[in-house]
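Below, each chain spelled out in residue letters.
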Amino acid sequence: MNDSDRSTGHAAQPRRADARRNKETLLDAAASIFVTSGVDAPVRDIAAKAGVGTATIYRHFPTRADLIIAVYRHQVDACAEAGPALLATSPTPHVALGRWVDLFVDFLVTKHGLAAALQNDNTGFETLHAYFLDRLLPVCTRLLDAAAASGEIRPDLNAYQLMRGVGNLCIGADSDLRYDARQLVELLIAGLRRPR
């Protein structure tokens, strides 16, 4: 590497991008394992799913709480980033809203296990909840505003109400196989449509 590469950081950028992708793969694997096996799943299972050694996980996340918090934040970020993309690519704002709420439901099912694991650390839990609201309320607001502006839905619902309602419908969905939260959430989203 010559001095100009060193001073501009050209070599460091690809390494950082690879490290970021590897970490995201690890977090996706952990989230998937948490959904099927709970947050107490063995680290070796997460490592196997991510295609890394357990030492790699411990290097990034020295404690289970560190891993749980990172998964939570990663999922919040993915849900937040999906909103604008769905709005840009969906045929209508209402369709975008419905697709985003599907992703939000997926997140909530995982979140309940993550939240339960973190409730002993009240300060940490409150910090994560604030992060959740700061990242997701503006996205949901944007989707609702776009759907209302297009005339597809009623304009009298705010993002907090919708997210809280969806969250309440998801409680218990991970522990009762007879309960289909997604079906009820779909009815809720359909019910937002403005009467014709």
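The rules behind these values
- Residues numbered from 1 in each chain as written.
- Predicted model: local features only at pLDDT ≥ 70, side-chain atom pairs only at ≥ 80, totals over all residues.
- Heavy atoms only, no water.
- Helix = DSSP H or I, 4+ residues; strand = E, 2+ residues; numbered from the N terminus.
- Contact = heavy atoms within 4.5 Å.
- Areas by Shrake-Rupley, 256 points an atom, 1.4 Å probe, with all protein chains shown as cover.
- Buried < 20%, exposed > 50% of the residue type's maximum accessible area, 1.4 Å probe, protein only.
- Arc of directions from axis to C-beta.
- Polar contact = N/O pair within 3.5 Å; in protein donor to acceptor, adjacent residues only side chain to side chain.
- Salt bridge = Lys/Arg side-chain N within 4 Å of Asp/Glu carboxyl O.
- Phe/Tyr/Trp six-rings, centres within 6.5 Å; stacked < 30°, edge-to-face > 60°.
- Lys NZ or Arg CZ within 6 Å of the ring centre and 35° of its normal.
- pLDDT = per-residue confidence, 0-100.

Asker: Could you clarify how one ought to interpret the overall build of the chain in this entry?
Answerer: Of regular secondary structure, the chain possesses 9 helices and 0 strands. When the helices and strands of the chain are listed from N to C terminus, the series reads α-α-α-α-α-α-α-α-α. Summarising the internal contacts of the chain: among those between residues at least 6 apart in sequence, 66% fall at separations of at least 24. As displayed, the chain offers around 11,100 Å² of accessible surface, 52% of which is attributable to carbon and sulfur atoms.

Asker: So what exactly am I meant to see when it comes to helix α9 (residues 181-191) here?
Answerer: Because each turn of an α-helix spans 3.6 residues, side chains separated by three or four positions in sequence point in the same direction. All of the buried residues in α9 are A181, V185 and I189. End-on, the buried residues of α9 take up no more than an arc of 75°, which puts them together on one face. A distance of 3.3 Å separates the backbone nitrogen of R182 from a side-chain oxygen at the start of α9, and that oxygen is part of D180.

Asker: What's the story with the pattern of salt bridges in this structure? I'm lost.
Answerer: Pairing between side chains of opposite charge can happen when the charged atoms of each approach one another. A complete count under the given rule lists 6 salt bridges for this structure. Between R182 and D102 there is a salt bridge whose closest N-O contact spans 3.4 Å. Of this pair, R182 sits in helix α9 while D102 is found in helix α6 (residues 93-118), placing the two residues 80 residues apart along the sequence. Residue classification places R182 among the partly exposed residues on the basis of a relative accessible area of 28%. For D102, a relative accessible area of 30% corresponds to the partly exposed category. With a closest N to O distance of 2.9 Å, R154 and D156 form a salt bridge. R154 sits in the partly exposed class, given a relative accessible area of 41%. By relative accessible area, D156 is classed as exposed at 52%. Linked through salt bridges whose partners overlap, the residues forming this network are D77, E81 and R135.

Asker: Hey, could you run me through the packing of aromatic side chains in this one?
Answerer: Given two aromatic rings, their pairing is described by the distance between the two centres and the angle made by the two planes. Counting across every chain of the model gives 4 aromatic pairs. Relative to F107, the ring of Y72 has its centre 5.7 Å away and its plane inclined at 65°; by these criteria the two rings are edge-to-face. Residue Y72 is found in helix α5 (residues 64-89), and its partner F107 is found in helix α6; the two are separated by 35 residues along the sequence. Given the relative accessible area of 3%, Y72 is considered buried. Measuring from ring centre to ring centre gives 6.1 Å for F104 and F132, while their planes differ by 25°; the resulting arrangement is stacked. Taken as a pair, F104 in helix α6 and F132 in helix α7 (residues 122-149) lie far apart in primary sequence, 28 residues in all. The same class applies to F104 as to F132, namely buried. In textbook terms, an aromatic cluster arises when at least three aromatic residues are bridged by ring pairs, as seen for Y72, W100, F104, F107 and F132. Sitting over the ring of Y131, R73 keeps its end group 3.8 Å from the ring centre.

Asker: Explain the confidence of the model for the chain to me, please; I cannot follow it from the model alone.
Answerer: Low pLDDT means the predicted atomic positions in that stretch should not be read closely. Across the chain, pLDDT averages 85, with 84% of residues at or above 70. Averaged over each element, pLDDT in the chain is lowest for helix α1 (residues 3-8) (50) and highest for helix α3 (residues 43-50) (94).

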